[in-house]
Amino acid sequence: MKLALKALALFYEFITTLRNKAFEKGFLKVYNSPIPVVSVGNLSVGGEGKTPIVDWLIQFYLSQNVRVAVISRGYGRKTKGTLTVCDGNLVRLSASEAGDEPLMLARRNPKTIVVVAEVRSEGVELILRDFGNHLPDVILLDDGFQHQSIRRDLDLLVINPLRSPFEDFLIPLGRLRESVDGIKRADFILLSKVDRYSPIKQITKEIAPYHKPIVKTTMVIKGLRSFATGELIDLGKNNFNYTSVFAFCGIGDPNSFRETLEYAGLLVDEFKVFPDHYIFQERDIEDILLRRLRKGINLIVTTEKDYFRLKANEQIFGRLAKDACFYLEIGVEFGVDSKNENDLLASKLISVLNMHAN
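As the structure is a computational prediction, the values presented were derived from the model and not from experiment.

Caption draft 1: Structural detail: the overall build of the protein chain. Scanning the protein chain from terminus to terminus reveals 11 helices and 13 strands. Computed over C-alpha atoms, the radius of gyration of the protein chain comes to 21 Å, within 12% of the 21 Å expected from 2.2 N^0.38 for 358 residues, which places it in the range of a compact globule. Its C-alpha atoms give the protein chain principal-axis dimensions of roughly 60 × 50 × 40 Å. Taking all 358 residues of the protein chain together, the buried fraction comes to 53%. Taking all contacts inside the protein chain whose residues are at least 6 apart in sequence as the whole, residues at least 24 apart take part in 77%. Of the roughly 17,300 Å² of accessible surface on the protein chain, 52% is carried by carbon and sulfur atoms.

Below is the structure:
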């Protein structure tokens, strides 16, 4: 079996390398957006901490009075084609129609245009057509690193130091979408989920031959938000130490979720993992509620992405809202101990707009 997977991985590497070369040499057509494009993406499949970084970028641009649009594929959605999730005023779609990540970004940033599209250039065309009277100043291409068919003005590559691509293999043997040489296309490397345990020296040594500026980002725990009331409870100001929780999630890096809960001082008595972008069934929730009751666990906690998927089903959400159910709300902080690199990234994000205007 392993030999077969290795053969498939080698074939996949051959195809992706050939495709990358075709774009590099100009053999494959590239769409030129009249609006500046900043791409955020990974080398790997899921779990890199990309979505909080996209959220930070949205808020950075909004703080500069820059109009923002986001184009995402919308993984896990039941719909196809190019759709408007949020028009900068009203959120139009549910998680099942939009995908959990685009909906989360739209709910967090309702002044932002959010579009889902398998073909990213079609997302740009929708924005040009439907928002021609008030075009955004910049488009964020969510999970766009491999989508070279649309030209970008800035390419940001997210790498989790604890899941180094240099120690991984291409799918299906590993998690890589392409070889690590894809780093050559990046303008910045954003190290995600950095903490005191992160092997920073090792990952920076591995990236060094590519001569790319590196910005460290760290996860910030904002608190627990209630399903029932929407109230955000600051874990730092409330005595939640040693509170037992039943945690469940359907995300790309479930272990990171568990570790974050434990770092916050919660006791994870039960932890149930579902596949990434999982659509929860009533039996799943009934099982969780019953097991919490039987074991006398204080709280049920899930992730924000899972919250939006759960909210798409009124019956399931209603059952959880009647119980002590919360989701963990997190954010991201940039350049904690690397102010120069952080300032460089901020200036590049702004210069993209100016360069495009000229």
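Caption draft 2: Inspection of unusual backbone geometry at higher detail. A cis amide bond, omega 10°, links I171 with the succeeding residue P172. Here P172 lies in the loop between β6 (154-159) and β7 (188-191). Unusually for a residue other than glycine, D143 sits at a positive phi of about 60°. Relative to the helices and strands, D143 is located in the loop between β5 (138-142) and β6. The phi dihedral of K193 is positive, around 55°, even though this residue is not glycine. Note on placement: K193 falls in the loop between β7 and α6 (200-207).

Caption draft 3: Representation of the packing of helix α8 (residues 282-295) against helix α10 (residues 314-321). Viewed as axis vectors pointing N to C, α8 and α10 meet at an angle of 10°, and their least axial separation amounts to 10 Å. Relative to α10, α8 is oriented roughly parallel. Here α8 contributes E282, I285, E286 and L289 to the contact with α10, which in turn contributes Q315, I316, R319 and L320. Here the residues of the contact of α8 with α10 sort into 4 nonpolar, 1 polar and 3 charged.

Caption draft 4: Representation of the pairing of strand β4 (residues 113-116) within the structure. Of the two faces of β4, the one carrying I113 and V115 and the one carrying V114 and V116 are both buried. In this structure, strand β2 (residues 68-72) lies alongside β4, joined through 4 bridges in parallel fashion. Looking at β4, one finds that V70 is bridged to V114.

Caption draft 5: Inspection of a nonpolar patch on the surface at higher detail. Together, F11, F14, I15 and L18 make up an exposed nonpolar region whose accessible area comes to about 420 Å². Here F14 lies in helix α1 (residues 2-24). Given a relative accessible area of 51%, F14 falls into the exposed group.

Caption draft 6: Representation of the side chain of D306 within the structure. If you trace the backbone, D306 turns up in helix α9 (residues 304-311). Overall, the relative accessible area of 0% leaves D306 in the buried class. A polar side-chain atom of D306 sits 2.9 Å from a polar atom in the side chain of R309. Setting aside chain neighbours within four positions, we find D306 in contact with F248, C249, G250, I251 and F280.

Caption draft 7: Structural view of the layout of surface pockets. Taken as a whole, the largest pocket encloses approximately 630 Å³ of empty space. Those elements that provide at least two residues to the lining of the largest pocket are α2 (50-63), α4 (100-108), β8 (214-226), α7 (254-263), α9 and β13 (325-334). Residue contributions to the lining of the largest pocket peak at 4 residues, all from β13. For the lining of the largest pocket, the class distribution of residues is 10 nonpolar, 14 polar and 11 charged.

Caption draft 8: Highlighting the pattern of salt bridges. Scanning all chains against the criterion turns up 26 salt bridges. One salt bridge connects D142 with K50, and the closest N-O pair in it is separated by 2.8 Å. Placement of D142 in strand β5 and of K50 in helix α2 is noted, with a sequence separation of 92 residues between them. On the accessibility criterion, K50 (8% relative accessible area) is buried. A salt bridge links R67 to D137; the shortest N-O distance between them is 3.2 Å. Taken together, the positions of R67 in the loop between α2 and β2 and D137 in the loop between α5 (120-130) and β5 put the pair 70 residues apart, joining distant regions of the chain. Using a relative accessible area of 36% as the deciding quantity, one classes R67 as partly exposed. In the salt-bridge network here, residues are joined through shared partners; they are K50, E101, D142 and K305.

Rules and cut-offs
Within every chain, residues take consecutive numbers counted from 1 along the sequence as written. Two thresholds apply to this predicted model, a pLDDT of at least 70 for residue-level local features and 80 or more for giving and counting side-chain atom pairs, whereas whole-chain, interface and lining totals are computed over all residues. Note that water and hydrogens are dropped before the side-chain values are worked out from all heavy atoms of the structure. Numbered from the N terminus, helices here are DSSP runs of H or I no shorter than four residues, and strands are runs of E no shorter than two. With the radius of gyration taken over C-alpha atoms, the globule rule is written as 2.2 Å times the number of residues to the power 0.38. Type-normalised accessible area, obtained with a 1.4 Å probe on protein chains alone, sets the label of each residue: buried when under 20%, exposed when over 50%, and partly exposed for intermediate values. Residues count as neighbours in contact if any of their non-hydrogen atoms are within 4.5 Å of one another. For the accessible areas, the method is Shrake-Rupley and the probe is 1.4 Å, while residue cover comes only from the protein chains on display. Between N-to-C directions, angles span 0 to 180 degrees; the directions come from axes that are lines fitted to C-alpha atoms, helices contributing only their stretch in contact. Any angle between 65 and 115 degrees counts as roughly perpendicular, while under 35 counts as roughly parallel, over 145 as roughly antiparallel, and the rest as oblique. Ten residues, namely Ala, Val, Leu, Ile, Met, Phe, Trp, Tyr, Cys and Pro, are considered nonpolar, four, namely Asp, Glu, Lys and Arg, are considered charged, and the remaining ones, Gly among them, are considered polar. The pairing criterion for strands is at least two bridges between them, as found by DSSP. Patches in this entry comprise residues that are over 30% relatively accessible and not in a salt bridge; like charges within 9 Å are linked, as are nonpolar side chains (Val, Leu, Ile, Met, Phe, Trp, Tyr) within 5 Å. Any Lys or Arg side-chain nitrogen located within 4 Å of an Asp or Glu carboxyl oxygen qualifies as a salt bridge. Under this definition, polar contacts are N or O atom pairs within 3.5 Å; protein pairs additionally need one hydrogen-donor-capable and one acceptor-capable atom, and for neighbouring residues in sequence, both atoms have to be side-chain atoms. Points on a 1 Å grid over protein atoms alone make up a cavity when a 1.4 Å probe fits among them but cannot get out, and a pocket when they form an open set with protein on both sides within 12 Å along at least five of seven lines; lining residues each have an atom within 4 Å of a point. Grid points are joined across faces, edges and corners, and a volume is the space filled by probe spheres set on the points.

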